[in-house]
Amino acid sequence: MVNSLPIEFYSAFLSDVAKERKPSPIRGLYPLELRPGVISLLAGKPNATTFPFTSVKLTSRSPTDPSKEIETEVSGLALAEGLQYGPTAGLSSLLEWVHGLQEREHGRRKGEGWRVSIGSGSQDVIYKAVATMVNPGDAVLIECPAYAGVLPMFQALHCDLTEVDTDAQGIKSSSLRSILQNWPESKPRPKVLYTVPYGCNPTGMTATLDRRREVLALAREYNFIILEDDPYYFLYYGDAARYPSYFALELEQAEVGRVLRFDSLSKILSSGIRIGFASGPEPLLQAIDMHTAVANLQTPSLTQAIAFSLLDAWGYDGFKAHTETVSRFYREKRDVFEGAMRRHLTGLAEWTAPEAGMFFWFKLLLAKDGEEGDSESLIRTKAYERGVLALPGTVFLPRGGKTAYVRASFSLLGEEEVEEAVKRLRETILEARGV
Amino acid sequence: MQFNIRNSTSSDEELTMQLTDEELHVGLQYSLTNGLPALREWMFGLLERAHGRHKGEGWTITVGAGSQDMIFKGVNALMNPGDAILVEAPVYAGTLTIFQALDAEMIEVETDGHGICSDKMREILENWPSSKPKPKFFYTVPYGSNPTGSTATLERRLDVLALSREHDFFILEDDPYYNLYFGPSNRPPSYFALERDQPEVGRVLRFDSLSKTMSSGLRVGFASGPEPILKVMDLHSMAVNLQPSSFSQMIVLKVLSTWGYDGFTAHAARVAQFYREKRDVFEAAMQRHLAGLAEWVSPEAGMFFWFKLLLNEQGSEHGEGEAEGDSEYIIRTTALERGVLALPGAAFYPNPRKTPYVRASFSLLPEDQVDEALRRLRAVVLEARATSKQARSSEPEVMLTCLASASPGVGTQESK
Ligand SMILES: Cc1ncc(COP(=O)(O)O)c(C=O)c1O
Ligand SMILES: Cc1ncc(COP(=O)(O)O)c(C=O)c1O
C-alpha cells in the first residue's frame, strides 16, 4: 500500500491565488448533462461540422525499423474530438496513455493519489505549478546554474531565489542541507525546490542516485515539494544503468506526495507540437487545472489527438525503441563534440562529459593566474567576431553574476561545423589570453 | 503529413493538403514567441481587408493558443490587482474568471438588444469619484455576444470610442463571433476599424479566434493592437508557455494560404449561413412553445439565444428584480426533472445576483431535439408559474386566516 499524503496536507502549499480560485459555476452543471434523456442547451461549443477538416494522416518512421514507414490516420470520432474544445486536463485517451507510461517508467500506479494533466509544453505546466504554490516574494530553492527559461517566472513573482550548488553529480545535497539547516528562524521556509535531474540544461549533469535519495530525505525533513523538470529523461545515454526518477524513488519514502514531475514531448516527438505533462499529487494538479481554465482553457485537442494516435500506434515498446534511437543519436553527437573539444580546447577549457541531454557546459580557462574571468564579454564580442556563438553562463545564474562558463548545444550541428566552431573558440580563448 | 479539408465554397468537394518537408519541419520545431511569421503575415492581410488597418501603422499581431490565451495576457498586461475596470453585463463567463483572479473591481455596464448601453457608460464615467483612478479598460464582445447574442450598433460603438478617448481607457474588443454575423448586410465596423477615424489611434486591443470557423481544438487566436502592449504580452508568453503550438499554426496556415482571402471569406460566409439556419430553427421553436412565456431579442450573430423566463404571469404586481424569479433554481430543479438544461444567466454577471435569464446554445442540436427541448422548457415555465401563483396566493392566505379568526366565514374560499 502506498501511503499518500492526505489532501489537507497540500493546503499549506497552495498560493493565495490558487486558494482564491473558485470553480466555475457553469462547470457544476455539466455533470447534469449525463442524466439519461436530458437535452442540453448548455455547451457553447461551435458545431464541428462547420470545420473544414475531414481527416489527418501522418507518416512516421517505424520506431523499430527505420526503413519502414507507419501511416497513422486521425479521422471520424477521434478527429471530431481533436477539432473541438476538450477537457481542461487533457484528452482522456492521451491521459490514459500517459498514466500507463508513468506506471511502466516510474512504477507509479493509477489510483494511488496522483494523476496527470497535459500542458501546452512542459513550460506551461511548470509555470502553472509555480503559480499554484508560490506567493509573490516567497523563498524558492533552485539549483544553480538553472534552466534560464524558468527564471523569468520566478522573477515575475519576485521570488527570493535561494541557489543550491550543483556539480558533476548533479544537485549538491550537502549544499541543500546546509542551506536548510541555517535557514533564518524568522524567514518562512521554502515550499519548492526546482531541479532538472537528467542532462540538466545548461550543465548537462545527471544527478546520482545518492544525491536523489538525499534530496528526497531533505524534502521530507524540511517539508518542501520537489519540482522535477525532466525533459531529458529519455535522452539518457550513459553507460551505466539509469537512475530512477524522484517520482519513482519517492515510493521508497514513508509518505508519498512530495514530487511534482514534468515530462515533455519536445525533445523526443516534436517541440513545435507543444505537449508536456505534469504528474503528481491530485490536489496540486486540481489547482493547476483551475489555472488552465482561466488562462488558456486547454492544450490543443488536435495536437493531443495526433500525438495519441502516433503513440498508440507505436505502443509502449515502440515508444521505448524510439526514445532509445533518439538518445543514441545524441550520444553520437556528444562524442563528436567531445572529440573536437579534446582536439582544440584541452588546457583551454574544463568540462565533464554529459551523459544525457544536448548540452556541454564548460569553463573557459581565460587567465593563467587562477582568476576566473567572465565568459560573457568574450562571447558577445570576440567570439562573435570570429563567427561562433555559445551562451555565456551568466544567463543561467538565478541571481546573476560573472562566470567563466559557457553552454554549447550540440543537438543541431554537423561534424564539420562542430570542428570549425570549436576551433574558432580556441582562437578566441588564445587571443583573450594574449598568446 | 497530409490532411483533407472540405473546400471553402462547397462542402462536397474535398481537398488534400500535403505539408512539404520544410513546412512539417517548421511545424515540429520551436518557433517564435509571437507566432509563425507567415501566419502573422496572412493575418495582417486579413485585418487590412476586414478592418482597413495597414501594417506599419503602430500596431502589430501576436498569435496565441486560442484567443483566451491572448485575452488573459492582455488583461494582465493592462491592469494591476484590484484595479477598477468596465465590463459589459452580462459578460462571457470565461473572462470573469480572469478578472476575478486579479481581484478586479468590476463596474458593470448594462447591455440591451443593441449591445452596450453607452449612455449608461457615460453616466458611470461622469459620476466617477474624483479620488478614484479611472478604469483601465472596457471589456466587450461586440458581435453576437456570449451570452446575449446581441451585436452593438454603430452609434453605440462610436459613443464608446469617444468615451474611451475622453476618459482614457482601452477597449478590449473580444470578437470571436465576428465571422458568424448573419444579420442585415450593413454590418457595423469593428472598434478596431472605427478607431482609424478617431483623432488618435491606439486604444483598441482586438482579439480574433479561429475557434468558431476553423476548429476550437486547434487553439489558435490572435491579438492585434498597439505594439508596446503586445510586446509586454509576448514577454508574458516567454515566461509561461513559450509559444502557441507551431504544429497547429502550420496546419491553419496551410489551409488559409491555400484558400486565400476569398476562400476564407467564402468559408466564413458558409459557416455564418449555417448558424443563421440554426438560429431560425431555434427561434421558430421559441415562438411555438415560449411565446408569452419568455422574452428575447433574436440574435444576428453567434450561437446563443438569451431569454428571460417569465416565471410570473405578466401584469402581476411582481415586476423587476428578485421577484422576477431565479433561473438557476428552476434549471437545477424543475428543468432537470423535465429533462432540459440551459445555462442560468447568473453565471454571466460580474457581481452575484438572481436573474430569470438563461442562455441557450443553438449550435449543436438538430431540429427535433430543439423542438423537444423548448417544449419541455414550456412545461417548466408553466409549472413555475403555477407554483409562484400558489406561493403568492398563500401569502394573503395567512392574513385571511388571521382575519378569519376575527370574523369567521369570510373570503377564505375565494383566495384558493
Ligand atoms: C529544462 C527544461 N525544462 C523545460 C523546457 C521547456 O520544454 P517544453 O518545450 O516542453 O515547454 C526546456 C526546453 O528547453 C528545458 O530545457
Ligand atoms: C466571447 C468569447 N471570448 C473568448 C472565447 C475563447 O475562445 P478561444 O477558443 O479562441 O480561446 C470564447 C469561447 O467560447 C468566447 O465566447
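Residues numbered from 1 in each chain as written. Chains lettered and ligands numbered in written order. Predicted model: local features only at pLDDT ≥ 70, side-chain atom pairs only at ≥ 80, totals over all residues. Heavy atoms only, no water.

Peer 1: Tell me about the interface of chain A and chain B, and name the residues and values.
Peer 2: Across the contact, 62 residues belong to chain A and 72 residues belong to chain B. Surface buried jointly by chain A and chain B totals about 5600 Å² across both partners, of which 61% is contributed by carbon and sulfur atoms. Among the residues of chain A in contact with chain B, Ile39, Leu41 and Phe53 of chain A are the three that bury the most area, contributing 14% of the side total. Seen at the junction of chain A and chain B, the total is zero salt bridges. At the junction of chain A and chain B, the tally comes to 39 residue pairs in polar contact (both at pLDDT 80 or more). Of all the secondary-structure elements, those providing two or more residues to the side of chain A that touches chain B are strand E1 (39-40), strand E2 (53-61), helix H2 (76-83), helix H4 (122-133), helix H5 (151-156), helix H9 (282-295) and helix H10 (301-345) of chain A. Element by element, the count of residues in the side of chain A that touches chain B is highest for E2 of chain A, at six residues. Bridge analysis of E1 of chain A against strand E13 (residues 340-341) of chain B gives two bridges, and the strand direction is parallel. Its bridge partner lying in E13 of chain B, Ser40 of chain A is registered against Leu341 of chain B. (Contact = heavy atoms within 4.5 Å. Buried area = accessible area lost by both parts, 1.4 Å probe. Salt bridge = Lys/Arg side-chain N within 4 Å of Asp/Glu carboxyl O. Polar contact = N/O pair within 3.5 Å; in protein donor to acceptor, adjacent residues only side chain to side chain. Helix = DSSP H or I, 4+ residues; strand = E, 2+ residues; numbered from the N terminus. Pairing = 2+ DSSP bridges.)

Peer 1: Which residues make up the sheet that holds strand E3 (residues 69-74) of chain A, and what values do they have?
Peer 2: The antiparallel open sheet is built from four strands, whose spatial order is E3(A)-E2(A)-E1(B)-E2(B). What marks the edges here is a single partner per strand, and that holds for E3 of chain A together with strand E2 (14-18) of chain B. Ignoring strand direction, the axes of neighbouring strands in this sheet form an average angle of 15°. On the sheet, H2 of chain A packs against E2 and E3 of chain A and is oriented at approximately 100° with respect to E2 of chain A. Strands in contact with H10 of chain A are E2 and E3 of chain A; relative to E3 of chain A, the strand with the most contacts, it is inclined by about 135°. (Axes fitted to C-alpha atoms, helices over the stretch in contact; angles between N-to-C directions.)

Peer 1: Could you give an account of the pairing of strand E7 (residues 137-140) of chain B, with specific residues and numbers?
Peer 2: All names here are of chain B. Across the two faces of E7 the burial is the same, with Phe137 and Tyr139 and Phe138 and Thr140 all buried. Examined bridge by bridge, strand E4 (residues 84-89) and E7 share two bridges and lie parallel to one another. Bridge pairing in E7 links Leu86 to Phe138. As defined by bridge partners, E7 adjoins strand E8 (residues 170-174) across four bridges and the pair is classed as parallel. Bridge pairing in E8 links Phe137 to Phe170. Between the parallel elements E7 and E8, the chain passes through helix H6 (residues 154-166) in a crossover that is right-handed. (Buried < 20%, exposed > 50% of the residue type's maximum accessible area, 1.4 Å probe, protein only. Right-handed = clockwise from strand over helix to strand, strands pointing away.)

Peer 1: So what about the site of ligand 2? Which residues, and what values?
Peer 2: If you check the shell around ligand 2, you find 16 residues, and the closest are Tyr85 of chain A together with Ser67, Asp174, Ser209 and Ser211 of chain B. Of the chains in the model, those with residues near ligand 2 are chains A and B. A distance of 2.6 Å is found between an oxygen atom of ligand 2 and a side-chain nitrogen or oxygen belonging to Tyr85 of chain A. Measuring from an oxygen atom of ligand 2, one finds a side-chain N or O atom of Arg219 of chain B at 2.8 Å. When the free accessible area of ligand 2 is taken as 400 Å², the share hidden by the protein chains comes to 97%. Of the residues forming the shell around ligand 2, the biggest block, three residues, is contributed by helix H3 (residues 67-78) of chain B. Across the shell around ligand 2, the residue classes tally to seven nonpolar, six polar and three charged. (Near = heavy atom within 4 Å. Areas by Shrake-Rupley, 256 points an atom, 1.4 Å probe, with all protein chains shown as cover. Nonpolar A, V, L, I, M, F, W, Y, C, P; charged D, E, K, R; others polar.)

Peer 1: How would you explain the environment of Tyr147 of chain A if you had to name every residue and give the values?
Peer 2: Here Tyr147 of chain A lies in the loop between strand E5 (139-144) and H5. Spatially, the C-alpha atom of Tyr147 of chain A lies 8.8 Å from that of Leu397 of chain A, the residues being 250 residues apart in sequence. In this structure Tyr147 of chain A touches Gln123, Tyr194, Asn201, Pro202 and Asp229 of chain A together with Leu242 of chain B, once residues within four positions along its chain are discounted.

Peer 1: Please set out the domain arrangement of chain B residue by residue, giving values where relevant.
Peer 2: Residues and elements named next belong to chain B. One can read the domain layout of chain B as domain 1 (13-263) and domain 2 (275-388). The centre of domain 1, based on its C-alpha atoms, is set 29 Å off from the matching centre of domain 2. Taken together, the contact pairs 25 residues of domain 1 with 20 residues of domain 2. The junction of domain 1 with domain 2 conceals about 1900 Å² of combined surface from both sides, 64% of it contributed by carbon and sulfur atoms. Counting the surface domain 1 buries against domain 2, the share from its top three residues, Glu108, Pro147 and Phe182, is 35%. (Domains from an automatic or database assignment.)

Peer 1: An account of the site of ligand 1 is needed here, citing residue identities and associated values.
Peer 2: Taken together, 15 residues sit near ligand 1, with Asp229, Tyr232, Ser264 and Ser266 of chain A together with Tyr30 of chain B positioned nearest. Close to ligand 1, residues of chains A and B are found. Measuring from an oxygen atom of ligand 1, one finds a side-chain N or O atom of Asn201 of chain A at 2.9 Å. One nitrogen or oxygen atom from the side chain of Tyr30 of chain B is found 2.5 Å from an oxygen atom belonging to ligand 1. Relative to its unbound accessible surface of 400 Å², ligand 1 loses 96% to contact with the protein. Class assignment of the residues belonging to the shell around ligand 1 gives a composition of six nonpolar, six polar and three charged.

Peer 1: Kindly report on the environment of Leu193 of chain A, identifying the contributing residues and their values.
Peer 2: All names here are of chain A. Along the chain, Leu193 turns up in strand E8 (residues 192-195). With relative accessibility at 0%, the residue Leu193 sits in the buried group. Along the backbone, Leu193 and Ala219 are 26 residues apart, and their C-alpha atoms lie at a distance of 8.6 Å. Dropping the residues within four chain positions of it, Leu193 is found in contact with Leu141, Ile142, Val164, Ile171, Leu176, Val215, Phe224, Ile225, Ile226 and Leu227.

Peer 1: An account of H3 of chain B is needed here, citing residue identities and associated values.
Peer 2: All names here are of chain B. With 12 residues, H3 ought to run about 16 Å at 1.5 Å a step, and its terminal C-alpha atoms sit 16 Å apart, in line with that. Across the 12 residues of H3, 10 count as buried, placing the element largely inside the fold. Looking only at H3, the buried set comprises Ser67, Gln68, Asp69, Met70, Ile71, Phe72, Lys73, Gly74, Val75 and Leu78. (Expected span 1.5 Å × (residues − 1).)

Peer 1: Describe helix H10 (residues 327-338) of chain B, and please don't skip the residues or the numbers.
Peer 2: All names here are of chain B. Compared with an ideal rise of 1.5 Å per residue, which puts 12 residues at 16 Å, H10 spans 14 Å between its outermost C-alpha atoms and falls more than 12% short. The residue sitting at the N-terminus of H10 and contributing the capping side-chain oxygen is Asp326; that oxygen lies 3.0 Å from the backbone nitrogen of Glu328. Looking one or two residues past H10, Gly339 carries a phi angle of roughly 80°, positive in sign.

Peer 1: Pulling in residues and values, what's your account of the packing of H10 of chain A against helix H12 (residues 415-433) of chain A?
Peer 2: Residue and element names in this part refer to chain A. Where H10 meets H12, the closest approach of the two axes is 9 Å, and the angle between their N-to-C directions is 30°. Classified by the interaxial angle, the pair formed by H10 and H12 is roughly parallel. At the point where H10 passes H12, the crossing takes the right-handed sense. Residues Val336, Phe337, Ala340, Met341, Arg343, His344 and Leu345 of H10 form the contact with H12, whose own contacting residues are Glu415, Val418, Glu419, Val422, Lys423, Leu425, Arg426 and Ile429. Here the contact of H10 with H12 is built from residues that sort into nine nonpolar, one polar and five charged. (Parallel < 35°, antiparallel > 145°, perpendicular 65-115°, else oblique. Left-handed = near helix turned anticlockwise from the far one by under 90°.)

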